[in-house]
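Architecture and fold: a report
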Amino acid sequence: MKAYSLLALARNGLAWQKDWQRAWRSPDPAAAYDVVIIGGGGHGLATAYYLATQCGVNKVAVIEKGWLGGGNTGRNTTIVRSNYLLDASAGIYEHAIKLWEGLSQELNYNVMFSQRGLLHLAHSVHDMQEIGRRGNAIHLNGIDSEFLTPQQVQQMVPFINLNCRYPVMGGLLQKRGGTARHDAVAWGYARGADAAGVDIIQNCEVTGFQIENNKVVGVDTTRGRIGAGKVGVVTAGHSSVLAEMAGFRLPLESYPLQAWVSEPIKPIIDCVVMSNGIHVYVSQSDKGELVVGAGSDAYNSYSQRGSFDLIEHTVGPLVELFPLFSRLRMLRQWAGIVDVTVDRSPILSKTPVENLFFNCGWGTGGFKATPGSGHAFAHSIAAGSMNEIAAPFSIDRFNSGALIDEGAAAAVAH
Amino acid sequence: MILINCPYCGERDQTEFACHGEAHIARPTDTASLTDEQWGDYVFFRTNPKGIHYERWVHVHGCRRWFNAVRHTVQDEILATYEVGAPRPDVGGQQ
């Protein structure tokens, strides 16, 4: 792999940009691999990258049904934060932020990680109590967070309407939170994994598992049978479909989660603003578009469209909070299928089938965890047992009752 | 928006309704002897199919009565609605 650098930019400019190397190969699948990762989104590619670069696993493949990052990796609102209540959540999301902070350098690929600050608003006495409890829990976990008065909120976002229908009573700010370029995360990990010898096989759909004596030994795909020592499934909204192929069920339901971008405007909002109370979150992309999201749809679905009523539920709070946005037009709307657990925490786990691992259940907020999820999952697969960060997120918690119940306490964009 | 045919009120907009997930999950009767796995399966584990889904709805902004629906989870088309307690309707062998 040729490194990207200022010198390379100049040299390729002089060569009319014709000498750029492809960022990754498109190999035919080999007969067998030590580890097969199913799902070429951010989490799957990160898993493959860390398997190859840190865990000493030589033969790794990533199998992707469509194209890299074409699922939820390319459909989220790019928010990164680690302001969670519970210790297990703080463990994995803060692990991710620490990796985010050096990711562009490590991958030699600009993932445009921007720690512009994440501002969570409180609109009621209950909200204030919630951010008080959560803010202090975040402190105890050694993660940055600050309480803001309404006036301090206004200083950060001067055009905010503090006296909206549910007046802004305070805020919780994580300065190390922010955004990253979602596509670049997939591409950067893909390029790094490919350089470390990982075969990335796109347009290849898994149709079944080969299981012998309750042990997975390979996968059937639209490009033939591929042997595997271990298999890691990282397929987000379609995890239940893959689990059914392997003969078990998961504690998941899949929902569409929508997002919108407005027409591009000049820089106006330099942080991420999210409101749990009236339920909307917004940031501005480097292109100038407002990136807006809110809640998932009211019924489970694989439609990747989203229901119409959610548009009004999202835009209403947005213009209430920021009246001047009322004159903007939305350019695009889309949905991704998110796999939601009952406790709104992810699953990184062994399964009833030996050597078959699942990384799923990230629900409405997996993007922020991409590096931490991939890192923890890779080390767990390589070791054959879940590591310290991943262990609390076992499927067994739904039998034992040791749920990681972030549902009530987390900020909107989980 | 999808239209839902409430068995009691007729066709109404989806926003009048609330969906409450998979239908036909019977509460176990031998609760004293269930293992943790059996309890976990009953409470948390779901089929979550990509295709035909039998599910519970309540007409929350209408008659407030519960009923079941058959919906295709890719097209979101509701193929049939029926009363709670009735058997799964035949929807033409669709999967």
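Residues numbered from 1 in each chain as written. Chains lettered and ligands numbered in written order. Predicted model: local features only at pLDDT ≥ 70, side-chain atom pairs only at ≥ 80, totals over all residues. Heavy atoms only, no water.

Quick look at the overall build of chain A
- Scanning chain A from N- to C-terminus turns up 11 helices and 18 strands.
- Its C-alpha atoms give chain A a radius of gyration of 21 Å, near enough to 22 Å, the size a compact globule of 414 residues would have.
- In terms of principal-axis extent, the alpha carbons of chain A reach across some 65 × 65 × 40 Å.
- Expressed as a percentage of its 414 residues, the buried residues of chain A come to 59%.
- Considering only residue pairs separated by 6 or more positions, chain A has 76% of its internal contacts joining residues 24 or more positions apart.
- Of the roughly 16600 Å² that chain A leaves accessible, carbon and sulfur atoms contribute 52%. (Helix = DSSP H or I, 4+ residues; strand = E, 2+ residues; numbered from the N terminus. Rg over C-alpha atoms; globule rule 2.2 N^0.38 Å. Buried < 20%, exposed > 50% of the residue type's maximum accessible area, 1.4 Å probe, protein only. Contact = heavy atoms within 4.5 Å. Areas by Shrake-Rupley, 256 points an atom, 1.4 Å probe, with all protein chains shown as cover.)

Focus: the domain arrangement of chain A
All names here are of chain A.
- Examined at the domain level, chain A breaks down into domain 1 (29-79 + 85-94 + 101-106 + 182-251 + 343-410) and domain 2 (114-177 + 254-340).
- A separation of 28 Å is found between the C-alpha centroids of domain 1 and domain 2.
- Listed per partner, the contact involves 26 residues of domain 1 and 30 residues of domain 2.
- Here domain 1 is connected to domain 2 by 2 salt bridges.
- Across the pair Glu-94 and Arg-176 runs a salt bridge whose closest N-O atoms are separated by 2.7 Å.
- For the pair domain 1 and domain 2, the number of links is 11 residue pairs in polar contact (both at pLDDT 80 or more).
- For the side of domain 1 that touches domain 2, the secondary structure elements donating two or more residues are α3 (87-101) and α8 (239-246). (Domains from an automatic or database assignment. Salt bridge = Lys/Arg side-chain N within 4 Å of Asp/Glu carboxyl O. Polar contact = N/O pair within 3.5 Å; in protein donor to acceptor, adjacent residues only side chain to side chain.)

Digging into the packing of aromatic side chains
- Under the criterion given, the structure shown has 19 aromatic pairs over all chains.
- Taking the centre distance of 5.9 Å and the plane angle of 75° together, the rings of A:Tyr4 and A:Trp20 count as edge-to-face. With A:Tyr4 in the segment before α1 (6-14) and A:Trp20 in the loop between α1 and β1 (32-38), the pair connects residues that are 16 residues apart, well separated along the chain.
- Ring centres of A:Tyr93 and A:Trp362 lie 5.9 Å apart, and the angle between their planes is 85°; this geometry places the pair in the edge-to-face category. Here A:Tyr93 is found in helix α3, whereas its partner A:Trp362 is found in the loop between β18 (356-360) and α10 (370-383), with 269 residues between them in sequence. Residues A:Tyr93 and A:Trp362 agree in their burial class; the two are buried.
- Stacked on the ring of A:Tyr4, the Lys or Arg A:Arg191 has its end atom at 3.6 Å from the ring centre.
- If you follow B:Arg88 out to its NZ or CZ, it ends over the ring of B:Tyr54, 5.1 Å from the centre. (Phe/Tyr/Trp six-rings, centres within 6.5 Å; stacked < 30°, edge-to-face > 60°. Lys NZ or Arg CZ within 6 Å of the ring centre and 35° of its normal.)

What about the interface of chain A and chain B?
- The interface is formed by 25 residues belonging to chain A together with 26 residues belonging to chain B.
- Buried surface at the junction of chain A and chain B, summed over both partners, amounts to about 2200 Å²; 50% is from carbon and sulfur atoms.
- Looking at the side of chain A facing chain B, the largest losses of area belong to A:Arg249, A:Tyr299 and A:Asn399, adding up to 32% of the total buried there.
- The interface formed by chain A and chain B includes 1 salt bridge.
- Notably, a salt bridge pairs B:Asp41 with A:Arg249, separated by 3.4 Å at the nearest N-O pair.
- At the junction of chain A with chain B, the criterion picks out 15 residue pairs in polar contact (both at pLDDT 80 or more). (Buried area = accessible area lost by both parts, 1.4 Å probe.)

Comments concerning the sheet that holds strand β3 (residues 18-22) of chain B
Residue and element names in this part refer to chain B.
- Read from one edge to the other, the open sheet built from 4 strands follows the order β3-β4-β5-β6, with strand pairing classed as antiparallel. Two strands close off the open sheet at either side, each with one partner strand: β3 and β6 (78-83). Going across the sheet, the axis of each strand differs from the next one's by a mean of 30°, ignoring polarity.
- Across 3 bridges, the pairing between β3 and strand β4 (residues 52-58) is antiparallel. Its bridge partner being in β4, Glu-22 is matched across the sheet by Glu-55. (Pairing = 2+ DSSP bridges. Axes fitted to C-alpha atoms, helices over the stretch in contact; angles between N-to-C directions.)

Some remarks on the packing of α3(A) against α10(A)
All names here are of chain A.
- Contact pair α3 / α10: the axes reach a minimum separation of 7 Å and the direction vectors enclose 105°. The angle between the axes of α3 and α10 places the two elements in the roughly perpendicular class. Together, Ile-92, His-95, Ala-96, Leu-99 and Trp-100 of α3 and Thr-370, Pro-371, Gly-372 and His-375 of α10 make up the contact between the two elements.
- Looking at the contact of α3 with α10, its residues break down into 5 nonpolar, 4 polar and no charged. (Parallel < 35°, antiparallel > 145°, perpendicular 65-115°, else oblique. Nonpolar A, V, L, I, M, F, W, Y, C, P; charged D, E, K, R; others polar.)

As for the pairing of strand β17 (residues 347-350) of chain A
Residue and element names in this part refer to chain A.
- The sheet contact formed by β17 and β18 spans 4 bridges and is antiparallel. Considered in β18, the bridge of Ser-349 is made with Phe-358.
- The antiparallel pairing of β17 with β18 creates a hairpin that spans 5 residues between the two strands, and Asn-355 there sits at a positive phi of about 65°.

Some details on a nonpolar patch on the surface
- Among the surface-exposed residues, A:Tyr4, A:Leu6, A:Leu9 and A:Trp20 lie close enough to one another that they form a single nonpolar patch of about 420 Å² accessible area.
- Using a relative accessible area of 30% as the deciding quantity, one classes A:Tyr4 as partly exposed. (Patch = residues over 30% accessible without salt bridge, like charges linked within 9 Å, V, L, I, M, F, W, Y side chains within 5 Å.)

So, the sheet that holds strand β16 (residues 330-340) of chain A
Residue and element names in this part refer to chain A.
- Here 8 strands make up an open sheet; going across it, the order is β5-β6-β4-β13-β14-β15-β12-β16 and the pairing mixed. Looking along the sheet, the strands with just one partner apiece sit at the ends: β5 (146-148) and β16. Averaged over all pairs of adjacent strands, the angle between strand axes in this sheet comes to 20°, irrespective of strand direction.
- Here strand β12 (residues 253-262) pairs with β16 via 10 bridges, running antiparallel. What sits directly across from Trp-260, in β16, is Gln-333.

Description of the nonpolar core
Residue and element names in this part refer to chain A.
- Ranked by internal contacts, the top residues of the largest apolar core, which has 52 residues, are Ile-37, Leu-51, Trp-100, Tyr-189 and Leu-348.
- Every element with two or more residues in this core is listed here: β1, α2 (42-54), β2 (60-63), α3, α4 (103-107), α7 (182-195) and α10.
- Setting aside chain neighbours within four positions, we find Tyr-189 in contact with Gly-42, Leu-45, Ala-46, Tyr-49, Tyr-50, Leu-103, Leu-107, Thr-370 and Pro-371.
- With 30 residues, the next largest nonpolar core counts Tyr-33, Val-206, Phe-209 and Phe-398 among its residues. (Core = buried A, V, L, I, M, F, W, Y, C linked by side-chain atoms within 4.5 Å.)

Points about the pattern of salt bridges
Residue and element names in this part refer to chain A.
- Summed over all chains, the structure comprises 18 salt bridges over all chains.
- With a shortest N-O distance of 3.4 Å, Asp-286 and Arg-116 are connected by a salt bridge. Within this pair, whereas Asp-286 is found in the loop between β14 (280-284) and β15 (290-296), its partner Arg-116 is found in the loop between α4 and β4 (118-122), the two being separated by 170 residues in sequence.
- Classification of Asp-286 as exposed rests on a relative accessible area of 58%.

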